[in-house]
Amino acid sequence: MNTPAHLIIGAAAFARPDAWRVTAAALAGALVPDLSLWLLSAHALYVQGIAPRIVFDQLYFSESWQAVFRIDNAILLWGLLFGAGAWLRRDALTAFGGAGLLHVLTDLPLHHDDGRPHFWPFSDHVVRSPVSYWDDAHHAALVGPVEGVLALALCVLLWRRFRGAGARALIALAALAEMLPTLFWRLVFSA
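The residue numbers shown here count from 1 along each chain, following its written sequence. Two thresholds apply to this predicted model, a pLDDT of at least 70 for residue-level local features and 80 or more for giving and counting side-chain atom pairs, whereas whole-chain, interface and lining totals are computed over all residues. Think of the side-chain values as coming from all heavy atoms in the structure, minus any hydrogens and water.

Another point: the overall build of the chain. Secondary structure elements follow DSSP: runs of H or I of four or more residues count as helices, runs of E of two or more count as strands, with numbering from the N terminus. Of regular secondary structure, the chain possesses nine helices and zero strands. Each helix and strand of the chain, placed in order from N terminus to C terminus, yields the pattern α-α-α-α-α-α-α-α-α. Radius of gyration: C-alpha atoms only; globule rule: 2.2 Å multiplied by the number of residues to the exponent 0.38. For 191 residues, the compact-globule estimate of 2.2 N^0.38 gives 16 Å, and the chain sits close to it at 17 Å. Out of the 191 residues in the chain, the part that is buried amounts to 43%. Areas reported here follow the Shrake-Rupley algorithm with a probe of radius 1.4 Å; residue values treat only the protein chains shown as occluding. As displayed, the chain offers around 10,300 Å² of accessible surface, 70% of which is attributable to carbon and sulfur atoms. Burial classes follow relative accessibility: with a 1.4 Å probe on protein chains only, a residue under 20% of its type's maximum area counts as buried, one over 50% as exposed, and anything between as partly exposed.

Written out as structure tokens, the structure is:
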């Protein structure tokens, strides 16, 4: 899934209008599993000047990058954070762990050849789903619109839940960001 969709799903599941710390934790948990990819890619592309094809066809699959992905996409770690938050009755920790767990669980069935080792530390196995959220060769033309409709429906839910102008501006920005990735990836891969 695209990162904005993860943020929207995490917010819809765990954000609360009356608890900004819980909402911030939900957004952070939804972001963290993708954050390393964004930071590593930005450094490689814009600091090191490495071509996008090399970044996404070689570096992404390198042992050093996969070592990072093993940790920040580990179902066990996110499940433990979620469980600890629930057990300790710490709403922010529950939201952080729960949103991260939702992120990795929704990624699991939506990556064909670019999945992550979600089962670390027990296994480095990567699930090769028959579908992909971005790869047209693996049904992205169907999955992408479904993701978009789901994200927009959840934005409507969030819009109704959150009444403040700032929150609604962020919801509108998230909806817009969910619709722009196709343009972004076309720009990245045409460079």
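More follows now that the structure is in view.
Right, let's get into the pattern of salt bridges. The salt bridge criterion pairs a side-chain nitrogen of Lys or Arg with a carboxyl oxygen of Asp or Glu, the two atoms within 4 Å. The full count for this structure, using the stated rule, is four salt bridges. Residue Glu63 pairs with Arg70 through a salt bridge whose shortest N-O separation is 2.9 Å. Three or more residues are tied together by salt bridges with common partners; here these are Arg16, Asp18 and Asp91.

Looking now at helix α8 (residues 165-179). Helix length check: α8 (15 residues) gives 21 Å between terminal C-alpha atoms against 21 Å at 1.5 Å per residue, within 8%. Three or more residues of α8 are buried, namely Arg168, Ile171, Ala175 and Glu178. Angular distribution of buried residues about the axis of α8 spans 80°; they occupy a single face of the element. In α8, the exposed positions angled more than 90 degrees off the buried face are occupied by Ala165, Leu170 and Leu173. Each helix should span, by expectation, one fewer than its residue count multiplied by 1.5 Å. Picture the helix axis, draw a direction to every C-beta atom, and the arc is the one those directions span.

A word on the packing of helix α2 (residues 20-47) against helix α6 (residues 91-107). Where helices are involved, their axes are fitted lines through C-alpha atoms of the stretch in contact, as for all axes, and angles between N-to-C directions lie from 0 to 180°. In the contact formed by α2 and α6, the axes pass within 7 Å of each other and the chain directions differ by 30°. Here α2 lies roughly parallel to α6, going by the angle between them. The chirality of how α2 crosses α6 is right-handed. Contacts between α2 and α6 involve Arg21, Val22, Ala25, Ala26, Ala28, Gly29, Ala30, Val32, Pro33 and Asp34 from the former and Asp91, Ala92, Ala95, Phe96, Ala99, Gly100, His103, Val104 and Asp107 from the latter. Among the residues forming the contact of α2 with α6, the class breakdown is twelve nonpolar, three polar and four charged. Angles below 35 degrees are treated as roughly parallel, those above 145 as roughly antiparallel, those between 65 and 115 as roughly perpendicular, and all remaining angles as oblique. For any helix crossing, the convention is left-handed if the near helix is rotated counterclockwise from the far helix by under a right angle, and right-handed if that rotation is clockwise. Should any heavy atoms of two residues lie within 4.5 Å, those residues are considered in contact. The nonpolar class holds Ala, Val, Leu, Ile, Met, Phe, Trp, Tyr, Cys and Pro. Asp, Glu, Lys and Arg form the charged class, and all remaining residues, Gly among them, are polar.

Further remarks concern the confidence of the model for the chain. Known as pLDDT, the predictor's per-residue confidence is scaled from 0 to 100. For the chain, the mean per-residue pLDDT works out to 91, and 94% of the residues sit at or above 70. Between the elements of the chain, mean pLDDT differs from a low of 59, seen in helix α9 (residues 181-190), to a high of 98, seen in helix α5 (residues 75-88).

Let us now look at the environment of Val68. Tracing the chain through its elements places Val68 in helix α4 (residues 63-72). Note on Val68: relative accessible area 35%, which makes it partly exposed.

The next point concerns the packing of aromatic side chains. Note on aromatic pairs: the rings of Phe, Tyr and Trp (six-membered ring only in Trp) are paired at centre separations within 6.5 Å, and the planes decide the class, stacked below 30 degrees, edge-to-face beyond 60, tilted for the rest. Scanning the model with the defined rule gives five aromatic pairs in all. Their ring planes at 75° and their centres at 4.9 Å tell us that Tyr60 and Phe61 sit as a pair that is edge-to-face. Given a relative accessible area of 41%, Phe61 falls into the partly exposed group. Here the aromatic cluster, defined as three or more aromatic residues joined through ring pairs, consists of Tyr60, Phe61, Trp65 and Phe69. Whether a charge lies above a ring is judged from NZ of Lys or CZ of Arg, which has to be within 6 Å of the ring centre and within 35 degrees of the ring normal. Positioned above the aromatic ring of Phe69 is the side chain of Arg116, whose terminal nitrogen or guanidinium carbon lies 4.0 Å from the ring centre.

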